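Coordinate inspection notes
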Amino acid sequence: MNSETAGIIDTTFISSMRKGALLINIARGGLLEYDVVLHNLEMGHLGSLGIDVAWTEPFDPDDAVLKFPNVIITPHVAGVTEYSYRFMAKVVGDVALQLHTGESLTGIEIVN
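All figures in this text were calculated on a predicted structure; none of them were measured in a lab. (Residues numbered from 1 in each chain as written. Predicted model: local features only at pLDDT ≥ 70, side-chain atom pairs only at ≥ 80, totals over all residues. Heavy atoms only, no water.)

1. Things to note about the packing of aromatic side chains
Condition: In this analysis, rings of Phe, Tyr and Trp, with Trp reduced to its six-membered ring, are considered paired at centre separations within 6.5 Å, and the interplanar angle assigns stacked below 30 degrees, edge-to-face beyond 60, and tilted for intermediate values. To qualify as a helix, a DSSP run of H or I must reach at least 4 residues; to qualify as a strand, a run of E must reach at least 2; elements of each kind are numbered from the N terminus. For each residue, the accessible area found with a 1.4 Å probe, counting protein chains only, is set against the maximum for its type, and the residue is called buried under 20%, exposed over 50%, and partly exposed in between.
Under the criterion given, the structure shown has three aromatic pairs. Relative to Trp55, the ring of Tyr34 has its centre 4.7 Å away and its plane inclined at 80 degrees; by these criteria the two rings are edge-to-face. Linking Tyr34 in helix 2 (residues 34-43) with Trp55 in the loop between strand 2 (46-51) and strand 3 (71-73), this pair joins segments that are 21 residues apart in sequence. Of the residues examined, Tyr34 reaches a relative accessible area of 23% and is grouped as partly exposed. Relative to Phe59, the ring of Trp55 has its centre 6.4 Å away and its plane inclined at 35 degrees; by these criteria the two rings are tilted. The exposure class assigned to Phe59 is partly exposed, which follows from its relative accessible area of 22%. Aromatic ring contacts, followed pair by pair, group Tyr34, Trp55 and Phe59 into a single cluster.

Next up, the structure:
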């Protein structure tokens, strides 16, 4: 997420959706304008909301969004697999060996 994408799911975006549409966010909580989402849930324009990310962390258990029966929130664990952990361990090991031998670092990418 960056300054161009923060709050990109705003009034304009949501009002362009069909009444009763399902909004799913599995990327970053800050992509959604919280007040706009809450308002559209209250008004019934959004049919459902599915998220595995939150506007604030830790997620407030008293958040008003949670009072709606058509809201589902799950843990943000899509990338947690045996393969991903093995791959991360290999990258860490490779980088450790490169640091130890004084080689240039390869195989790493910095994001977020």
